[in-house]
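So the chains spell out like this:
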Amino acid sequence: MKNNGIGKVASLPLVLLCVNVMLYFIAVGMNESIIARYTAYLGGDPFQVGFIWSALFLTSILLRTISGYISDYGYRVFMLISGPLIASLGAYIIGSTHSFTILAIGRMLQGVATAVYVPASISSASILSAPEVMGRVLGIRSGIISIGFMIGPILSGFIVDNYGYYAAFTFITLMFNLAIIPAIFLAKKVETRRRALRLSQFIDDARSVLGTRSLLLAIIVTVMYTVVYATISSFLQPIYLEVGLPATAFSLYMTLFNAIGIPAKLLGGWLSDHYGTLIPITSGLTSMTVASILLVYYPYPPIAYVSAVLLGLGFSPLIPATQYLALSNIPREKRGIATGFHTMGFDLGNLLGPLSLGKLAQYLGEYVNVFPILPLFTVTALILSIILCKPRRDN
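**Quick notes on the overall build of the chain**
Summing up its helical and strand segments, the chain has 14 helices and 0 strands in all. Counting from the amino terminus, the chain carries its helices and strands in the arrangement α-α-α-α-α-α-α-α-α-α-α-α-α-α. Going through the 395 residues of the chain one by one, you find that 56% of them count as buried. By sequence separation, contacts in the chain at least 24 residues apart represent 86% of the contacts at least 6 residues apart.

Encoded structure:
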């Protein structure tokens, strides 16, 4: 009887990888939902809040492509283990200091962890799955990340409101370390044959993939929509702190954002497969534009929660659509390094948004004063996509 692929999707190695991803991104979701609020709680001004948020991406952007290249050459399991370990060290440092310098060091360590872990996780999912079920496996992995980002903010908001920031970061440290356990068992299941790493080969591969127009467009669009997402998610935390709202107010915002994101990601991937990337990219950017305009007038709950839904409906389908756009014309053996370049757009957006707009917010006097600028980024990306995206995929 013909194998329908169900057993391959539910194999033990894939289950272990899914547990690893779930634990890791619950910890990430907890960390990201309180880090800006924690910085403001320590007395940080808008620029410092933006800098601490962006410090993670300062290191991640430098290492992302190198990590993607290395993951193509057989070091996946080592990176699956070392990523959570480095992230746990960063969380421990963050929760144990009141110094902005040490806080930035902790965030930079988390950036190293992000650059190390994410390419290894994606490549492991693709290698552990049979070719005929790889799309489903990657979709399941993406959905698990959204679930982790739903659970994480709820946990961190509850712990901060009831036990304080030190307890929250201690729990985050524990979750990162727990993620190492399934990765250790996974080491026995994943092919770890290693090939020689050569600088000349890295340069050749980088030149090759960067000559692809669809990858360059995907990077630009990713930078633009990430600026909007990162600014909103980092600035709403201190905004709510200033008016005395509990940490759970922002946790609920992110929970709504990620809840709507699960079906939206699946829809974005399905649309990309059947109709090309133009429809999910343009509809996603339009929804994000409306969400950012709504926040200009209604930054506080409960109406702000409508923007959370619109933001999730826009941001989530953009992820699989831009991934498809970035990789559809790239040879399989070079998709690790291409993924590294594409995800650099996410890092760059997280740097440009909170950092530069944080400085602008400091000059303007209020965080909310920068929200009217955000639609400019998504509208620019929307225009570029309409001009440059093909309405249907190439066969």
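**Observations regarding the packing of helix α3 (residues 46-71) against helix α13 (residues 335-364)**
The packing of two helices is summarised by the inter-axis angle and the distance between the axes. Interaxial distance between α3 and α13 falls to 8 Å at its minimum, and their mutual angle equals 165°. In terms of their interaxial angle, α3 and α13 are classed as roughly antiparallel. Seen along the crossing, α3 lies across α13 with a hand that is left-handed.

**Some remarks on the environment of R213**
Its location among the elements puts R213 in helix α9 (residues 213-242). In this structure, the C-alpha to C-alpha distance between R213 and A326, residues 113 residues apart in sequence, is 8.7 Å.

**Observations regarding the nonpolar core**
Counting residues in hydrophobic clusters, the biggest one holds 109 residues, and the most contacted among them are Y24 and Y253. For this core, the element with the highest residue contribution is α9, accounting for 17 residues. With residues near it in sequence (within four places) discarded, Y24 still touches G83, P84, A87, A113, T114, Y117, F176 and A179.

**Overview of helix α4 (residues 76-95)**
The terminal C-alpha atoms of α4, which comprises 20 residues, lie 29 Å apart, in line with the 28 Å expected from a rise of 1.5 Å per residue. The element α4 is extensively covered by neighbouring structure, given that 14 of its 20 residues are classed as buried.

**Comments concerning a nonpolar patch on the surface**
Among the surface-exposed residues, L174, L178, I181, I184 and F185 lie close enough to one another that they form a single nonpolar patch of about 440 Å² accessible area. Topologically, I181 is positioned in helix α7 (residues 165-186).

**A short note on α7**
Here α7 is 22 residues long and its end C-alpha atoms lie 33 Å apart, about the 32 Å a rise of 1.5 Å per residue gives. Burial in α7 covers these residues: Y165, A168, F169, I172, T173, M175, F176, A179, I180, P182, A183 and L186.

**Here we look at the pattern of salt bridges**
Tallied over the entire structure, the rule returns 2 salt bridges. With a shortest N-O distance of 2.7 Å, E32 and R107 are connected by a salt bridge. On the criterion of sequence distance, the pair formed by E32 in helix α2 (residues 12-41) and R107 in helix α5 (residues 100-128) is long-range, its members being 75 residues apart. With a closest N to O distance of 2.6 Å, R64 and D347 form a salt bridge. With R64 in helix α3 and D347 in helix α13, the pair connects residues that are 283 residues apart, well separated along the chain. Each member of the pair, R64 as well as D347, carries the same accessibility label: buried.

Cut-off values and rules
Residues numbered from 1 in each chain as written. Predicted model: local features only at pLDDT ≥ 70, side-chain atom pairs only at ≥ 80, totals over all residues. Heavy atoms only, no water. Helix = DSSP H or I, 4+ residues; strand = E, 2+ residues; numbered from the N terminus. Buried < 20%, exposed > 50% of the residue type's maximum accessible area, 1.4 Å probe, protein only. Contact = heavy atoms within 4.5 Å. Axes fitted to C-alpha atoms, helices over the stretch in contact; angles between N-to-C directions. Parallel < 35°, antiparallel > 145°, perpendicular 65-115°, else oblique. Left-handed = near helix turned anticlockwise from the far one by under 90°. Core = buried A, V, L, I, M, F, W, Y, C linked by side-chain atoms within 4.5 Å. Expected span 1.5 Å × (residues − 1). Patch = residues over 30% accessible without salt bridge, like charges linked within 9 Å, V, L, I, M, F, W, Y side chains within 5 Å. Areas by Shrake-Rupley, 256 points an atom, 1.4 Å probe, with all protein chains shown as cover. Salt bridge = Lys/Arg side-chain N within 4 Å of Asp/Glu carboxyl O.

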